[in-house]
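Residues per chain, in single letters:
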Amino acid sequence: MAGKAAELLADVSRETEARLQTYYKLLRRWNQKINLVAPSTIEDAWQRHFLDSLQILDGAPEGWQTWVDLGSGGGFPGMVVAISVDQGQMERRVTLIESDQRKATFLRTVARETQTPVSILSERIEAADPLAADVVSARALAPLGKLLSLAEPHCHPEGTLLFHKGEKVQSELSEARKSWQFKVTESPSLTDPTASILKIRELRRV
């Protein structure tokens, strides 16, 4: 790890780093049986998954209280967010939505082993009760237009959407604008030169 990406980990507390290390060990163990992340990325998991998830916190508005992560899978970025936020600020609530029961079991194991207060909903995103969160995140879940449809019921009207996106981000933005109005800020990823983080606000259907 080098440069700005490495600084992300340097900024977390020792307690948080220890929890992330526990998470990493569980990921390596469980990934042998469940496809939580691509096996080819497991050796570089700190850069590819943990630091990639940590960087999304920079886009969150100050004073947020509720955060929902859609299609959490192996917990990126949602579980990393839950572990990394100030554990003393109990008014902050993080919810992970993951329909795959095995992955949800993994996430509950991580929460228990790291003593992280987090809610895990093992149901389809479309079936979950609207959560009206201050922040909604997702990583490698769906094209932007579809992602906005999934996210809208779970985001407060004045909330913020934070999405990891790859090299097709511009075409996805163009397609999404056919059905949605929104303000967007695009920031380059600190861990992948071909990727970016989208910060979307004022989401409205056309």
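Participant: So, the pairing of strand S7 (residues 196-205): which residues are in play, and what are the values?
Facilitator: Pairing analysis gives six bridges linking strand S5 (residues 155-165) to S7, with the strands arranged antiparallel. Considered in S7, the bridge of Lys165 is made with Ser196.

Participant: Pulling in residues and values, what's your account of unusual backbone geometry?
Facilitator: In this structure, the amide linkage connecting Phe76 to the following residue, Pro77, adopts the cis form with an omega of 5°. You can see Pro77 is positioned in the loop between strand S1 (66-70) and helix H4 (78-84). Positive phi outside glycine occurs at Gln115, with the angle close to 55°. Within the secondary structure layout, Gln115 lies in the loop between helix H5 (101-114) and strand S3 (119-121). Look at Gln115 and you get exposed, because its relative accessible area is 63%.

Participant: Explain the confidence of the model for the chain residue by residue, including any values.
Facilitator: Per-residue confidence for the chain gives a mean pLDDT of 92; residues scoring 70 or more make up 93%. Summarising per-element confidence for the chain, the mean pLDDT is lowest in helix H1 (residues 3-10) (61) and highest in H5 (98).

Participant: Run through the side chain of Thr116, naming residues and quoting values.
Facilitator: Summarising the element assignment, Thr116 is placed in the loop between H5 and S3. Note on Thr116: relative accessible area 7%, which makes it buried. Side-chain polar atoms of Thr116 contact the side chain of Thr114, separated by 2.7 Å. When sequence neighbours within four positions are dropped, the list of residues in contact with Thr116 reads Ala82, Ile83 and Ala111.

Participant: Can you explain the nonpolar core? Please cite residues and give values.
Facilitator: With 38 residues, the main nonpolar core has Tyr23, Leu27, Phe50, Trp67 and Met79 as its most contacted residues. Listed by contribution, the elements that provide at least two residues to this core are helix H2 (14-30), helix H3 (45-54), H4, strand S2 (93-97) and H5. In this structure Leu27 touches Leu36, Val37, Ile42, Ala45, Phe50, Phe76 and Phe106, once residues within four positions along its chain are discounted. Core analysis: the second largest hydrophobic core is formed by 24 residues, Val68, Ala128, Leu147 and Ala151 among them.

Participant: Talk me through the pairing of S5; I want residue IDs and the actual numbers.
Facilitator: The element S5 is largely enclosed, with a buried count of eight among its eleven residues. Alignment of strand S4 (residues 133-139) against S5, held across six bridges, turns out to be parallel. Within S5, the residue paired with Arg139 across the bridge is His164. Tracing the backbone out of S4, into helix H6 (residues 144-151) and back to the parallel element S5 gives a crossover that is right-handed.

Participant: Any chance you could break down the packing of aromatic side chains for me, citing the residues and the numbers?
Facilitator: As enumerated under the stated definition, the model contains nine aromatic pairs in all. With 6.1 Å between their ring centres and 80° between their planes, Tyr24 and Phe50 make a pair best called edge-to-face. Here Tyr24 is found in helix H2, whereas its partner Phe50 is found in helix H3, with 26 residues between them in sequence. Relative accessible area serves as the criterion here: at 0%, Phe50 is assigned to the buried category. Judged by centre distance (5.1 Å) and plane angle (70°), the ring pair of Trp64 and Trp67 falls under edge-to-face. Classification of Trp64 as buried rests on a relative accessible area of 5%. Following the ring pairs from residue to residue traces out a cluster consisting of Tyr23, Tyr24, Trp30, Trp46, Phe50, Phe76 and Phe106.

Each value, and the rule that gives it
Residues numbered from 1 in each chain as written. Predicted model: local features only at pLDDT ≥ 70, side-chain atom pairs only at ≥ 80, totals over all residues. Heavy atoms only, no water. Pairing = 2+ DSSP bridges. Helix = DSSP H or I, 4+ residues; strand = E, 2+ residues; numbered from the N terminus. Buried < 20%, exposed > 50% of the residue type's maximum accessible area, 1.4 Å probe, protein only. pLDDT = per-residue confidence, 0-100. Polar contact = N/O pair within 3.5 Å; in protein donor to acceptor, adjacent residues only side chain to side chain. Contact = heavy atoms within 4.5 Å. Core = buried A, V, L, I, M, F, W, Y, C linked by side-chain atoms within 4.5 Å. Right-handed = clockwise from strand over helix to strand, strands pointing away. Phe/Tyr/Trp six-rings, centres within 6.5 Å; stacked < 30°, edge-to-face > 60°.

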